[in-house]
Amino acid sequence: MSARIAAAAVLLTAFVLIAAGCVVGPSRTALERDNPVRPLTAPPLGMEEFFAEAPQQPDPARARLGRWLFYDARLSADGTVSCATCHRPDHAFSEPLAVSVGVGGRTGRRKAMSIVNLAARTTLVDTPELERSHAFFWDGRVVGLDAQVLRPLADPTEMAMQLPAAVARLDGIRGYRQYFRDAFGTATISPDRVGAAIADYVRTLRSGGSAYDRWAAGDASAMSVAAQRGSDIFFFRGNCASCHAGFNFSDGRYSNLGIGWDAAAGTFRDDGRLAVTGNPADRGRFKTPALRDVTRHAPYMHDGSLATLRDVVAFYGRGGTPNPWRTQRLRPLGLTAQDIDDLIAFLEALDSDRVADVAPRVFPQ
Ligand code: HEC
Ligand code: HEC
């Protein structure tokens, strides 16, 4: 008899624990062990000056909250898509697809670019205008990271979740309240706070410490001889650095290389910057992408139309794709087979020594 009661008690306890687990979710200890508040560390080698220029340092409590939100698919309409679906940690926060697939399998029209090193943007010394250096997307249509990170939520081809619905969804997840309080002082959840938290997480994603950085810092053996020859093509003979300039290898400007030109129709499949400015000279122009971790960005360009770095180098070797608006700065480069290998070796030397982050394993419930 007593054995039966004991067995029943064990069962009941187990049931209560399971039921409680469903409602309360992982304990704070478990959550915070998996996703602790991480103090801001020193920037990676080679990126010290770049990050010193950052207009805003990430707040560690907000970045921790933002880390959960970034990977949380409950922020999408059908609960299947998070930011990390398209910005994957192991692909330098880009993805191995030419165009993104969002909620319900709907496809966008552009490639998800890498989003590391966004805390500071390359500003050319002669043009301090915030507008240019802090504009986001391939066509620069959004200014300011906090505003930018909210766009994909509402985009019907991405997460398809209007902001009020997203806020209501988060409001229903009790476990998040404590972390909004830690980050902002009160447990109120608002679009601005969601944007600020995700943006601060994105600000912590940094890339540097590559073979190139060690070489540039004076370690002559850090980069292969082929990559060293490739650096000469990149910075001088091939003129790549006239656009891929600065510590992050982007000048933040827009250029027409001819990517997406449909010669038969005489049009671009995507007009790029033109749609933002209305200036005919901007037809087919796209923002210079940063080249850190570039081996992990494939396929390349705003439409993912070039599969490999070899394809990219061959494209530049030809001087891009002729069209009436192509930049004057491209010309056929007459690269030999060895030049091509060398330039690829240099691009490979831009990979950082570590992946910027990985997904958390447990989430507030
Ligand atoms: C369905 C895929 C998809 C999802 C989900 C998605 N993105 Fe993106 N992201 C893209 C694409 C595609 C672009 C480029 C769009 C363009 O240029 O028009 C982009 C661009 C960006 C950029 C601009 C980077 C730059 O250098 O200009 C940031 C920042 C960004 N996404 C952050 C986020 C955040 C934060 C989330 C989650 C709230 C998110 N994305 C969700 C596909 C996605
Ligand atoms: C006139 C400015 C300019 C010059 C010069 C230039 N680039 Fe680019 N680069 C761009 C732009 C703009 C894009 C994106 C184009 C698009 O998607 O339409 C790009 C894209 C790339 C990409 C793809 C990156 C990604 O994440 O998809 C690589 C790699 C690259 N360039 C390497 C080079 C190399 C190597 C050279 C020299 C041979 C070079 N670039 C010269 C402006 C330039």
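Above: the structure in question.
Summarised in this report is the structure supplied together with it. (Residues numbered from 1 in each chain as written. Chains lettered and ligands numbered in written order. Predicted model: local features only at pLDDT ≥ 70, side-chain atom pairs only at ≥ 80, totals over all residues. Heavy atoms only, no water.)

Below, the discussion takes up the site of ligand 2. Neighbouring residues of ligand 2: 26 residues in total, closest Cys 240, Cys 243, His 244, His 302 and Tyr 316. Here a nitrogen atom of ligand 2 and a side-chain polar atom of His 244 are 2.8 Å apart. In the model, an oxygen atom of ligand 2 is placed 2.9 Å from a nitrogen or oxygen of the Met 301 main chain. Mapped onto the shell around ligand 2, the elements with two or more residues apiece are β6 (286-287) and α15 (309-317). In terms of residue count, α15 provides more of the shell around ligand 2 than any other element does, three residues in total. Residue composition of the shell around ligand 2, grouped by class: 16 nonpolar, nine polar and one charged. (Near = heavy atom within 4 Å. Polar contact = N/O pair within 3.5 Å; in protein donor to acceptor, adjacent residues only side chain to side chain. Helix = DSSP H or I, 4+ residues; strand = E, 2+ residues; numbered from the N terminus. Nonpolar A, V, L, I, M, F, W, Y, C, P; charged D, E, K, R; others polar.)

This part covers the coordination of the iron atom of ligand 1. For the iron atom of ligand 1, the sole protein-derived donor is His 87 (NE2), lying 2.1 Å away. Secondary-structure assignment places His 87 in the loop between α5 (83-86) and α6 (130-133). (Donors = N, O, S within 2.8 Å, 3.2 Å for Na, K, Ca; no water.)

With that out of the way, let us pick up the site of ligand 1. Not every one of the 27 residues close to ligand 1 is listed here, only the nearest: Cys 83, Cys 86, His 87, Phe 137 and Trp 138. In the model, an oxygen atom of ligand 1 is placed 2.6 Å from a nitrogen or oxygen of the Phe 137 main chain. Secondary-structure elements contributing two or more residues to the shell around ligand 1 are α5 and α7 (145-148). Classifying every residue of the shell around ligand 1 gives 16 nonpolar, five polar and six charged.

This part covers the coordination of the iron atom of ligand 2. In ideal tetrahedral geometry, four donors around a metal make angles of 109.5 degrees, whereas ideal octahedral geometry with six donors gives angles of 90 or 180 degrees. Protein-derived ligands of the iron atom of ligand 2 are His 244 (NE2) and Tyr 316 (OH), with the metal-ligand distances lying across 1.9 to 2.0 Å. Around the iron atom of ligand 2, the six donor atoms sit at angles spanning 85 to 179°, and that spread fits a shape best called octahedral. Remark: Tyr 316 occurs in helix α15 and His 244 occurs in the loop between α13 (225-237) and β3 (254-255); sequence separation between them is 72 residues. Of the residues examined, His 244 reaches a relative accessible area of 11% and is grouped as buried. (Tetrahedral: all angles 85-135°; square planar, octahedral: opposite > 155°, others 65-115°. Buried < 20%, exposed > 50% of the residue type's maximum accessible area, 1.4 Å probe, protein only.)

Another aspect to go through is the nonpolar core. With 41 residues, the main nonpolar core has Leu 65, Leu 69, Phe 70, Leu 170, Tyr 176 and Phe 180 as its most contacted residues. Within the residue set of this core, elements represented by two or more residues are α4 (60-71), α5, α9 (163-171), α10 (177-184) and α11 (191-203). Tallying contributions element by element places α11 first for this core, with seven residues. Contacts of Phe 70, omitting those with residues within four sequence positions, involve Ser 82, Cys 83, Ala 84, His 87, Phe 93, Ile 115, Ile 198, Tyr 201 and Val 202. Core analysis: the second largest hydrophobic core is formed by 30 residues, Leu 257, Leu 343, Ile 344 and Leu 347 among them. (Core = buried A, V, L, I, M, F, W, Y, C linked by side-chain atoms within 4.5 Å. Contact = heavy atoms within 4.5 Å.)

Position of Tyr 300 among the secondary structure elements: in the loop between β6 and α15. For Tyr 300, a relative accessible area of 8% gives the class buried. Taking C-alpha positions, Tyr 300 is 9.2 Å from Pro 96, a pair spaced 204 residues apart along the chain. Leaving out residues up to four positions away in the same chain, Tyr 300 has contacts with Val 294, Thr 295, Ser 305, Leu 306, Ala 307, Thr 308, Leu 309 and Val 312. Of the polar contacts made by the side chain of Tyr 300, one reaches the backbone oxygen of Val 294; its length is 2.8 Å.

A few words now on the side chain of Ser 352. The topology assignment puts Ser 352 in the segment after α16 (337-348). A residue is classified by how much of its surface remains accessible, and Ser 352, at 6% relative accessible area, is buried. In terms of polar contacts, Ser 352 uses its side chain to reach the backbone carbonyl oxygen of Arg 354, at 2.7 Å. Discounting chain neighbours no more than four positions away, the residues touching Ser 352 are Ser 207, Gly 208, Ser 210, Asp 293 and Arg 296.

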